[in-house]
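Structural overview
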Amino acid sequence: MAVDARRDDEVDLRHHGDAETGPGLADFAVNVRGDAPPAWLAERIAASLTGLAAYPDPAPAREAVARRHRRDPSEVLLTAGAAEAFVLLARALEPRRAAVVHPQFTEPEAALRAAGHPVDRVVLDPGSGFALDPALVPDDADLVVLGNPTNPTSLLHPADTVAALARPGRVLVVDEAFADCVPGEPESLAARRDLPGLVVVRSLTKTWALAGLRAGYLLADPDTVRLLAAAQPLWSVSTPALAATEACCSPRALAEADAWAHTLADHRAVLADALTEAGLRVLPGAAASFLLARADDGAGLRERLRGRGIAVRRCDTFPGLDADWLRIAVREPRRSLPMARILAELL
């Protein structure tokens, strides 16, 4: 296990990719697919606006999520994006020892700390390619959080390795916000009902370009869902977000998402080759909609890229990474290859 020598207050857990973007910058910092949802989804959302006078009814969307993951509706909690799920977990649970596996999305740790819970950081070793080793997680941790695929490494951990972290008396939270980046979702635990304490968090904002709508959900046993629901504000998920959730769980949407995942894999390979040829050290094994890469003087390179109109994600705000690491979103080759050529000029 690598050690992050920085103090907790030296890591800005609230920094995210949207802070890197700005007018006139080509966005390779935010890992949302596309600039807008597809037309058919936008139409469904627009049609829901005629019902805004009524309070939101989550039942149809909850049932759609349950069908999509072969779960009972009592095992589904709809949330205002994955971020709300992490806040609810921090509010409702009282862990004696919480462990967060890093590098990963920092909102889970930020939410736990904001709720007054101390957090142990399990920092994976870059020398092992950030491979997940369940033995690194403290045996007495009763709350464990990790991502799969993980942001920002883009690594997909084997389902059996993640499942090995589950045990009675422990809540295991798996952030699967990018699971639908993987064709067929072979390592997802979303349909697993046999693992004690499992909570799977999902987001609809990435694949469907809905970051501004805030749509997500979590899957867990009914008792855990009731506990978390009690900590959630009434009508937390809006009527348009519910309409989007229901639509994104339809057979048409699932087929479209899987087709996009195959296209993403091709685009990711093109970008990885171009970045490597340009001189970056790209972490192998990427499975999500972004790549993690390392450069000498990565912070300086990021600033030089901004000077050329390109935004990429700094990574020194992720525990376990330093300023030489950069996260670069996968775009179609017509956008990513010109960016890689500029990067090559700057190295």
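Residues numbered from 1 in each chain as written. Predicted model: local features only at pLDDT ≥ 70, side-chain atom pairs only at ≥ 80, totals over all residues. Heavy atoms only, no water.

Where an unreviewed UniProt entry is consulted, the protein chain appears under the name Aminotransferase, with the organism given as Nocardiopsis endophytica. Taken verbatim from the UniProt record of the protein chain, the Cofactor (unreviewed entry) comment is "pyridoxal 5'-phosphate". Database annotation for the protein chain, UniProt heading Sequence similarities (unreviewed entry): "Belongs to the class-I pyridoxal-phosphate-dependent aminotransferase family." (UniProt positions renumbered as here; feature names shortened; annotations may be inferred.)

The linkage connecting H102 with the following residue, P103, adopts the cis geometry, with an omega of 0°. The residue after N148, namely P149, is reached through a cis peptide bond having omega -10°. Along the chain, the position of P149 falls in the loop between β5 (143-147) and α5 (159-163). With a phi angle near 70°, S154 is a residue other than glycine that sits in the positive phi range. Looking at the secondary structure, you find S154 in the loop between β5 and α5. For S154, a relative accessible area of 0% puts it in the buried group. At E185, a residue that is not glycine, the phi angle is positive and equals roughly 45°. (Helix = DSSP H or I, 4+ residues; strand = E, 2+ residues; numbered from the N terminus. Buried < 20%, exposed > 50% of the residue type's maximum accessible area, 1.4 Å probe, protein only.)

In helix packing, the relevant descriptors are the interaxial angle and the interaxial distance, both defined with respect to the helix axes. The N-to-C vectors of helix α3 (residues 81-92) and helix α4 (residues 107-114) enclose an angle of 35°; their axes lie 8 Å apart at closest approach. Read as a crossing pair, α3 and α4 show a hand that is right-handed. In this structure, α3 uses F86, V87 and A90 to contact α4, whose residues at the interface are E107, P108, A111 and L112. (Axes fitted to C-alpha atoms, helices over the stretch in contact; angles between N-to-C directions. Left-handed = near helix turned anticlockwise from the far one by under 90°. Contact = heavy atoms within 4.5 Å.)

All right, on to α4 then. Most of α4 sits inside the fold, with six of its eight residues counted as buried. Within α4 the residues assigned to the buried category are E107, P108, E109, A110, A111 and L112. Each element contacted by the buried residues of α4 is listed here: α3, β3 (98-102), β4 (119-123) and β5. Where α4 terminates, the next one or two residues include G116, which has phi positive at roughly 90°.

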